Amino acid sequence: GAGVSQSPRYKVAKRGQDVALRCDPISGHVSLFWYQQALGQGPEFLTYFQNEAQLDKSGLPSDRFFAERPEGSVSTLKIQRTQQEDSAVYLCASSLSNTQYFGPGTRLTVL
Amino acid sequence: AQSVTQPDIHITVSEGASLELRCNYSYGATPYLFWYVQSPGQGLQLLLKYFSGDTLVQGIKGFEAEFKRSQSSFNLRKPSVHWSDAAEYFCAGGTNRDDKIIFGKGTRLHILP
């Protein structure tokens, strides 16, 4: 594809529900990143994959957050038992030659 | 610790005026530096990047940035802004160890007609 795509673009969840956010990186990009962006803030690092290997998950805020990239391409960020503080835009980026290219984001609202 | 700082939360300029957005970094070695722009409801678009070499880099949409080691700065400039430049601008830094980058908190640019 031409760029990084994310789905859904918007997600409304009731507190306590599980959600899954999908990221399709640019074809051939080895590295994939997830960020959380709260309103009025810069993106905060969550986790990072190189191919299917999750090399760094130090930014995941709790064990309710889980990410996977089983075949080294599409990635899913899962949030279990969502809380209101999880409301944010979740951005995915794929990387080539140390340069990250971002998708449009998924706006998650937890009611 | 590595960090990227954008001192200005908001900047307002008149259409047609020149623009400079400030970015300071704190890294042990020369970092990779980036400027991204984010329009409302959109993802981040890469404007330009600096890895090494010429310290003045040209980007898209008429933007440029200058790496100044002595001032630990990588300020973004544009000689004449357009109303469509109104957006949030993020400076980010990384190293050659991996692809991870750290973002500043952003500067929101407002354009007066």
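One can find the structure itself at the top, above this paragraph.
For every chain, the first residue of the written sequence is number 1, and numbering continues from 1 along that sequence. Here every chain gets a letter starting at A, and every ligand a number starting at 1, in the order they are written. With the structure being a predicted model, the display of local features is reserved for residues of pLDDT at least 70 and the display and counting of side-chain atom pairs for 80 or more, all residues being used for whole-chain, interface and lining totals. Excluding hydrogens and water, the side-chain figures rest on all heavy atoms present in the structure.

A. Here's a closer look at the state of the cysteines. Disulfides are defined as cysteine sulfur pairs within 2.5 Å. Enumeration according to the criterion identifies 2 disulfides over all chains in this entry. In this model, cysteine 23 of chain A is linked to cysteine 92 of chain A through a disulfide, with the two sulfur atoms separated by 1.8 Å. The chirality of the disulfide connecting cysteine 23 of chain A with cysteine 92 of chain A is left-handed, given an S-S dihedral of about -65°. Residue cysteine 23 of chain A is located in strand E3 (residues 19-24), and its partner cysteine 92 of chain A is located in strand E9 (residues 88-96); the two are separated by 69 residues in the primary sequence. Exposure remark for cysteine 23 of chain A: the relative accessible area of 0% places this residue in the buried category. Burial status follows relative accessibility: with a 1.4 Å probe on protein chains alone, a residue under 20% of its type maximum counts as buried, one over 50% as exposed, and anything between as partly exposed. The class for cysteine 92 of chain A is buried, based on a relative accessible area of 0%. Each disulfide pairs two cysteine sulfurs, and for cysteine 23 of chain B the partner residue is cysteine 91 of chain B, the sulfurs being separated by 2.0 Å. Residues cysteine 23 of chain B and cysteine 91 of chain B are joined through a disulfide that is left-handed, its torsion about the S-S bond being -65°. Of the two residues, cysteine 23 of chain B is situated in the loop between strand E3 (19-21) and strand E4 (24-26) and cysteine 91 of chain B in strand E10 (residues 87-94); the sequence distance between them amounts to 68 residues. Put simply, DSSP H or I for four residues or longer makes a helix, DSSP E for two residues or longer makes a strand, and each gets a number counted from the N terminus.

B. Looking closely at the environment of cysteine 91 of chain B. With a relative accessible area of 0%, cysteine 91 of chain B lands in the buried category. The contact rule is simple, with two residues in contact once any of their heavy atoms fall within 4.5 Å. When neighbours within four sequence positions are excluded, cysteine 91 of chain B is seen to be in contact with Val4, Gln6, Cys23, Phe34, Trp35, Ile102, Phe103 and Gly104 of chain B.

By themselves, these observations are geometric and do not establish any function.
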